[in-house]
Amino acid sequence: MSKTTRPWTKEELQEIVNLPTHLVAIIAADGTLINVGPVADTSLGWEPHEIQGMNLKEFIHPDDIQKTSESIQELLKGSKDVLINFTNRCLGKDGGYHWINWGGRASGGKVYALGTDVTDKIQFEQELNLQAMVLESISEGVLICNKPGIIAYANTAEEMLFGYEPEELNGKPLQTLNAWSSEESEFHLRDVMDTIRQKGVWKGEWLNRKKNGDIVTTACRVTPLTLNGEKNFVIVQRDISQEKQKEQEQERTRNRFKTFFEQSILPMEIYNLEGDRIAVNKAWCELFNLGPDEFHNNILKDSAAKEVGLYPYVLRAYAGEAVDAPAFLADLSKYSPKGRSRWIEAWLSPIFDENKKVIEIAIVLKDVTESRETQSKLERSIAEKDLAENRLSMAVNAGKIGIWEWKPSTNELHWDHTLSEIYGYEKGQYPKSLEEYEKRNHSEDNAAVQRIIKRAIQTGEPYVVEHRIWRLDGQVRWIQGSGTAFKDETGKVILLMGTVMDITDKKVAVADQSFLSQTSEILSSSFNYLENLQKMADFAARYFCDGCLIDQLHPDGTIKRIVVGGTSEEMKEKLFSIHNHYPQRYTQEHPLFISLITGRTVVIEDMLEYSKSYWSKYPEAYFTELDSVGFYSAIVVRLKGKENLLGTITFFTTRNGQYKFDARSKWLAEELAYRTSMSIENSLLYLHSQEAIKSRDEFLSIASHELKTPLTSLTLQNQMRKRQLEKDKSKVLNEKTILKMIEADDRQLRRINRLIDDMLDIARIRAEKLTIHKEQFEFCAFVKDVIERLNPQMQAAGCELTAHFCPSVTVVCDSYRIEQVVVNMLTNAMKYGAGRPINIEVTSNNLKVSLMVHDQGPGIDTKDLERIFQRFERAVTGREISGLGLGLYISRQIVELHDGALFVTSEIGRGSTFIMELPLDHG
Ligand code: ADP
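Just so it is clear, the model here is predicted, and its values are computed rather than measured. (Residues numbered from 1 in each chain as written. Predicted model: local features only at pLDDT ≥ 70, side-chain atom pairs only at ≥ 80, totals over all residues. Heavy atoms only, no water.)

Engineer: Explain the pairing of strand S2 (residues 33–36) to me, please; I cannot follow it from the model alone.
Structural biologist: Within a regular beta strand, the side chains point alternately toward one face of the sheet and then the other, so they alternate between its two faces. Sheet analysis places strand S1 (residues 23–28) next to S2, joined by 3 bridges and oriented antiparallel. Looking at the pairing, Ile-27 lines up with Leu-33 of S2. What sits between the antiparallel neighbours S1 and S2 is a turn of 4 residues, in which Gly-31 has the positive phi angle 95°. (Pairing = 2+ DSSP bridges. Helix = DSSP H or I, 4+ residues; strand = E, 2+ residues; numbered from the N terminus.)

Engineer: Help me out: how do you make sense of the environment of Asp-416 in this one?
Structural biologist: Following the sequence through the fold, Asp-416 ends up in the loop between strand S17 (412–415) and helix H14 (417–422). The class of Asp-416 is partly exposed, set by a relative accessible area of 23%. In this structure, the C-alpha to C-alpha distance between Asp-416 and Ile-403, residues 13 residues apart in sequence, is 5.6 Å. Residues contacting Asp-416, with those up to four places away along its chain left out, are Ile-401, Gly-402 and Ile-403. (Buried < 20%, exposed > 50% of the residue type's maximum accessible area, 1.4 Å probe, protein only. Contact = heavy atoms within 4.5 Å.)

Engineer: Just to check I follow, could you spell out unusual backbone geometry for this structure?
Structural biologist: We note that Asn-289 has phi near 60°; this positive angle belongs to a residue other than glycine. Relative to the helices and strands, Asn-289 resides in the loop between helix H10 (282–288) and helix H11 (303–307). A relative accessible area of 34% means that Asn-289 is categorised as partly exposed. Despite not being glycine, Asp-899 shows a phi value in the positive range, around 60°. Within the element layout of this structure, Asp-899 appears in the loop between helix H27 (887–897) and strand S31 (901–906).

Engineer: Sorry, what's going on with H27 here?
Structural biologist: Three or four residues apart is the spacing at which side chains of an α-helix point the same way, because the helix has 3.6 residues per turn. Taken across its 11 residues, H27 has 8 buried, putting it largely inside the fold. Within the span of H27, buried status applies to Gly-887, Leu-888, Tyr-889, Ile-890, Ser-891, Arg-892, Ile-894 and Val-895. Residues of H27 that are buried make contact with helix H24 (735–766), helix H26 (815–832), S31 and strand S32 (912–919). Following H27 by one or two positions, Asp-899 has its phi on the positive side, about 60°.

Engineer: Before we go on, may I ask you to explain the side chain of Ser-665 in this structure?
Structural biologist: With respect to the helices and strands, the residue Ser-665 is situated in helix H23 (residues 663–732). Accessibility expressed as a relative area gives 3% for Ser-665, which makes it buried. In terms of polar contacts, Ser-665 uses its side chain to reach the backbone amide nitrogen of Asp-662, at 2.9 Å. (Polar contact = N/O pair within 3.5 Å; in protein donor to acceptor, adjacent residues only side chain to side chain.)

Engineer: Teacher, can you tell me more about the environment of Leu-714 here?
Structural biologist: With respect to the helices and strands, the residue Leu-714 is situated in helix H23. Along the sequence, Leu-714 and Asp-746 sit 32 residues apart, while their C-alpha atoms lie 9.8 Å from each other. When sequence neighbours within four positions are dropped, the list of residues in contact with Leu-714 reads Asp-745, Gln-748, Leu-749 and Ile-752.

Engineer: Explanation requested: the pattern of salt bridges in the structure shown.
Structural biologist: Pairs may arise between side chains of opposite charge once their charged atoms sit close together. The final tally for this structure, using the stated rule, is 34 salt bridges. Close ionic contact of Glu-140 with Arg-238 constitutes a salt bridge, the shortest N to O distance being 3.6 Å. With Glu-140 in the loop between helix H6 (119–136) and strand S6 (141–146) and Arg-238 in strand S10 (residues 230–239), the pair connects residues that are 98 residues apart, well separated along the chain. Given a relative accessible area of 26%, Glu-140 falls into the partly exposed group. (Salt bridge = Lys/Arg side-chain N within 4 Å of Asp/Glu carboxyl O.)

As structure tokens, then:
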């Protein structure tokens, strides 16, 4: 409508009223509708005549009436020329209001208005506004566009997302935001349409362009929306560029980690929260020698992890701490038969999720076996180097290395203090010339030393030489000297410089070792140990003492001198005779006794002094005699085998001798004593075993003889009977003869039986299987019974028997075994005292009962009294009297099993008394 003040003509007005698409109204100043066009019918439902004459108040919505009236008045008054785009609600015939958009002007006191029904549009906008209010509050970008792709609405978030001002996107084609190429767009749009048709919604990523041209990826959700009957689309968008980037980064990190994990030369393993090993890498498989699927294990339940001390670190890692576990020794053989023990270091690290929660732990292992070995080698070599350096500085600091200088041109010699000290000079004193110096060389070594020095002067070559010197105090010492020559430009030696070290101790130690090994050789040089001991004593006396005595301890407690070494024959005799002359049972004050009992090494500096203060019990003459042999110092050491005391060894010096004792002498003495003890013990064992072999051989020959005798007689008898049977049985073999024969056979068989029983008993005793079955019985009656049964043999042996018994006593014993003992005692008495009386006596006291069997046989030598109770031991030799030497041995074993005793008192020519004691039964 153009701006004009000219009133419409009648024709013009009629034309307007009849405008086919608009509602036309002519309104009077009082608001009465004077005329209404025919369209009113279609939009509001009225016939024109039905509303003509109606007042606006009835026709306009009460909420809109005021602004409508005001606008009409403004037009009528002329304060407004035209009314444009004025919208109000007008009453339809159906009773509902319609939104009408009016344009109008006044003419001739009336308002001519042209209206369009915009109800639909208004409603759409209202709906949109309502939704927009909701959509505005959404942080995601929301777009509504119509089907042709025009943006009808964009929320603030959407506009901000793409950098547009508010409302700027409204009405713009959707294409504005698109960053795909046209083909891509077409493809994606088709996809969107297809998907929506099928599923009602499309979800995906869209490539968008911001206002500033930047490309962003958005996650989109497109849903159809019908507004006001028209198809629209709602697009909800979220910028996922950052997420995408993050995701890509994560992916990259994951890949990086994966590659790192797979390719790492360090063995790695990953555990889940339950402690299960869920992944390992190649290096891990190699370390454990396991296949890629053989790694399953639970570290929280693995005892090995606890054993090697890894467990606490595992727990710390699970608690979120990255920790280094100290190296542990892993026994890889547990995992694979091919494995071996390796030193392993472990780094444990928790793996977190985005919320900083531990989800897994990773353990990186490092096989440090080699490096540890290298390290320890390194440490060792450093330690050795340190040691060497220390040694050097110690040697220098301890003042053991002396330094000298000599100028050949002037024969000027200069020594430092240490060198003076080594040679025993006062500080600052020393030989001032080469000749003077050479005087201190040991005469045996001097020539060689001179030669070496001369050569050094001529050639200028350095030298090292070991030789002996005489100190000023007369002591012989070993030194190691070195020299280096310095030459002038013509090659002439102008200075000789060198060091000297006292190596006596080293030399002595080497010599001592060789001395000791030589003594060991001597001590085992022959089977004759006395001869060996003598040689050793002589050898020792030449090395560190003037003489050596060996005194042997005997079972009866006496000490007997067996060796005197290193002395003149005269002195040797004297030392033997002093020993024999004075009591061999020593008192506690005697140094031999002290050493023997306490095991201490007794060192006596001055024998005479010592004797006087200690040996109050010895006569003066003893000391005078000792003194007369020149005895001065002594070292007494005990000789002891593994179990037995063997005696003592004494090393001594004489007043005029060449040796003096010091700490080293004591050490040597003890070393020698040890070697001597071993040698004596071995020799005694050897002798003993020789004797044992001898008696075993003897036993065997006697045993076979003993068995053979009855067997031969049985065989002969048998042959004889056979022959007799063949001749004439009725005459010879009558009942009486046969009975006699049987008795004779019985005797022989009994003999064989007894022998075999004895041998069996021996076997039982050796195997500790000789058992006793105790019973209670009266002892006197028991003995009487045994005697009774042996009576025929007594008579046969021609022994008259007397017996005395105490009142009856009860014992708890194995009667069978005790009878065996009594029979053995009596048969021995008959055997060895045949033809002479035997006396038997049974006595008792509160504790025990004793059986004494006294014979008047040959008696037994004192030295054999114990021996005869040992296995195969006999005091008689050979076959003069039959027997195996087993009876007494078995008897003693039996009696001792009863807590009793069996022993003998005897003297040669006075018969023997064997005594058995048994404990009484008090129960
Ligand atoms: P055997 O008599 O069979 O040789 P024994 O063990 O009974 O064996 O005796 C061991 C040794 O003890 C005998 O060989 C003998 O030298 C000595 N002996 C035993 N009894 C007497 C005795 N009554 N008188 C003298 N010597 C005896």
